[in-house]
Amino acid sequence: MLLSSSSFLLPTTIASRRKKGRNSSKRNEVKCFSYASHSSSFSPFKCPTCAKPLTKHSMALRCPNEHSIDIAREGFAHLLTTRTVTGDTREMVQSRKQFLDSKTFDFLFEEKLKREVLEAVSRCLESEEKEENADDEKSNGIKSSNSEKSEKTQHHPEDGNTNSGFKVGPRRKKLEAKKRARAEQALEMKNNKRKEEEEAEEVVFVTIADIGCGDGYWLEKISRCLVFGENDEVVSLRERARKRNVRFRFIGIDASKEAVRVATKRMMITTTANEDERIVEEKVNGAEFFFAVADANDVPMEDDSVDISLSVFAPRNGKEIERTMKEKGTFLVVSPSPLHLQELRSNEAKERGVICLNIEDNKSERVEKQLKELTSLAPIESSSRSYSNSSSEIIERAVPMSSQDVQLLLKMGASGFHQTDASLNAARNYWNSNNTVAKTSASASAERGGGEGVGVHEEPLHRKVTLSFHVRAFSKQK
């Protein structure tokens, strides 16, 4: 799950906590490396110039045509070849990070996105299990056939006679039987050992790519859930993956260099395991992280290389998603519904100078229609969805927010490109003017009016903002 100068994996820190005394502890950060059997030169990206596969050489990525791309100190690659494509500004990225770190949007992950990801990973494991069972059946068939042929060609003097006509005594027959049993046992042990070695070398990865990952918040939530999650469902899923030598590979792509830089730093996963537990945990939960600055309209990844693609509040290119996804892969789309931030798009808010972009009423249907018409991506029906005839489900909640929260919310999304100091001040004044004020007191006597209001102060009761999202799941068909 980790990256160093000898690996293109993101440098992830495992923190170990060593207690000193009963009530004190000290955090000791220890850098370690991904327990992956493939070469450390591996890279999931392709050259943006010639589309050949990229491999890592020291702190650079190179293709067979000798095109070279430096790897940033933080561990990401810059694969944009044009300056016409620009992502979010530094201020927008920092606003998004500050707002998302408040966990205001976490209900979206807990109520829906987490469920969709776990179901998608389960489908990947089911596919792997079917392939493994098919290979085992084929292998057993070949083994049985060879055994029958061997049985026919071998001569066992069970009747007490040899081909030469000499009589073989019972002691000789017993020795011959023991010799054959030992040979068969040794052969079986050798085959089992070779099979275990092959399985250890053939690590299978479930690849999860966030196209338009922004500051990496959602990819971090997903990776923490899959790698370190402790509820029964996640533990069971991880155990299924471990038995089949399946690991997780996380890839983040965004056009904003600042966003990718922040996303890379987010993947500094920490745990409180001691050093011995850390080594074991790393081997069991080994994961890989790769990040690149790239255009979502020209994703620098190989065809049929992604199991699960994400597009959370990001522009998407259906054809590129389809190209990079494996057959039967899952594409998860999260976008705002028309009710999202409706309080900030009201006529009164506009009159007061608040800038918040409109959301078309049929956006969800339009996105679904485009994917159906332009790609082979088809909606996934699920019993957990509210609407049996639609791939879309709305997750909605009204959340109290301060004027500072509202300003961050306006700066972090697409509306952030249009914000000015005047519009942000207007948003603050508009929101504060609509907040109700409640009087509270520190004592009962003050509440009854005693002591000339000593201990009485005013606290704003923040208005609620509607957060409403469409969540849709699609699968790549043949």
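Our structure is the block above this text.
Residues numbered from 1 in each chain as written. Predicted model: local features only at pLDDT ≥ 70, side-chain atom pairs only at ≥ 80, totals over all residues. Heavy atoms only, no water.

**Student:** Got a minute to help me understand the pairing of strand β8 (residues 246-254) in this structure?
**Tutor:** Note on strand geometry: in a regular strand, side chains alternate between the two faces of the sheet. Among the 9 residues in β8, 9 count as buried, and that is most of the element. Of the two faces of β8, the one holding V246, F248, F250, G252 and D254 and the one holding R247, R249, I251 and I253 are both buried throughout. Pairing between strand β7 (residues 204-211) and β8: 8 bridges, direction parallel. The residue bridging A209 from the neighbouring strand is I251, located in β8. Pairing of β8 with strand β9 (residues 287-293), which is carried by 7 bridges, proceeds in the parallel orientation. From the neighbouring strand, I251 faces β9, where its bridge partner is F290. (Buried < 20%, exposed > 50% of the residue type's maximum accessible area, 1.4 Å probe, protein only. Helix = DSSP H or I, 4+ residues; strand = E, 2+ residues; numbered from the N terminus. Pairing = 2+ DSSP bridges.)

**Student:** For this particular structure, what's the right way to read a positive patch on the surface?
**Tutor:** On the surface, K174, K178, K179 and R182 cluster together into a positively charged patch. Note on placement: K174 falls in helix α3 (residues 170-201). (Patch = residues over 30% accessible without salt bridge, like charges linked within 9 Å, V, L, I, M, F, W, Y side chains within 5 Å. Areas by Shrake-Rupley, 256 points an atom, 1.4 Å probe, with all protein chains shown as cover. Salt bridge = Lys/Arg side-chain N within 4 Å of Asp/Glu carboxyl O. Lys, Arg positive; Asp, Glu negative; His and termini not counted. Charge placed at Lys NZ, Arg CZ, Asp CG, Glu CD.)

**Student:** Teacher, can you tell me more about helix α5 (residues 232-243) here?
**Tutor:** An α-helix turns once every 3.6 residues. As a result, residues three or four positions apart point the same way. For α5, which comprises 12 residues, the first-to-last C-alpha distance of 16 Å matches the rise-based estimate of 16 Å (1.5 Å per residue) to within 8%. Residues of α5 that are buried include every one of V234, L237, R238 and A241, and no others. Projection of α5 onto a plane perpendicular to its axis shows the buried side chains occupying an angular sector of 95°, all on one side. Exposed residues lying more than 90 degrees from the buried face of α5 are D232 and K243. Where α5 starts, the residue carrying a side-chain oxygen 3.2 Å from the main-chain nitrogen of E233 turns out to be N231. N245 sits one or two residues past α5 and shows a positive phi near 55°. (Expected span 1.5 Å × (residues − 1). Arc of directions from axis to C-beta. Polar contact = N/O pair within 3.5 Å; in protein donor to acceptor, adjacent residues only side chain to side chain.)

**Student:** I keep staring at the side chain of E258 and nothing clicks. Help me out?
**Tutor:** With respect to the secondary-structure elements, E258 resides in helix α6 (residues 257-266). Within polar-contact distance, the side chain of E258 engages the side chain of R90 at 3.4 Å. Discounting residues that sit within four places of it in the chain, E258 has contacts with R90, V93 and Q94. (Contact = heavy atoms within 4.5 Å.)

**Student:** Please clarify how the pairing of strand β11 (residues 325-336) should be interpreted in this entry.
**Tutor:** A large share of β11 lies buried, amounting to 9 of its 12 residues. Direction of pairing for strand β10 (residues 306-312) relative to β11: parallel, over a ladder of 6 bridges. Bridging from a neighbouring strand, S311 pairs with V333 of β11. Crossover connection from β10 via helix α8 (residues 318-324) to parallel β11: handedness right-handed. As paired elements, β11 and strand β16 (residues 464-476) share 7 bridges and run antiparallel to each other. Note that in β16 the partner of V334 across the bridge is V471. (Right-handed = clockwise from strand over helix to strand, strands pointing away.)

**Student:** Whenever I open this one, the pattern of salt bridges confuses me. Can you help?
**Tutor:** Where charged atoms of side chains with opposite charge meet at close range, the side chains can pair. Enumeration according to the criterion identifies 25 salt bridges in this entry. Residue E111 pairs with R397 through a salt bridge whose shortest N-O separation is 2.4 Å. A residue pair is termed long-range when its members are at least 10 positions apart, and E111 in helix α2 (residues 106-153) and R397 in strand β13 (residues 392-400) qualify at 286 residues. We note a salt bridge from E233 to R115, for which the minimum N-O separation is 2.8 Å. With E233 in helix α5 and R115 in helix α2, this residue pair connects regions lying 118 residues apart in the sequence. Its relative accessible area of 37% is what places E233 among the partly exposed residues. Assessed through its relative accessible area of 31%, R115 is described here as partly exposed. Where salt bridges share partners, they join K97, D101, D215, E220, R224 and R266 into one cluster.

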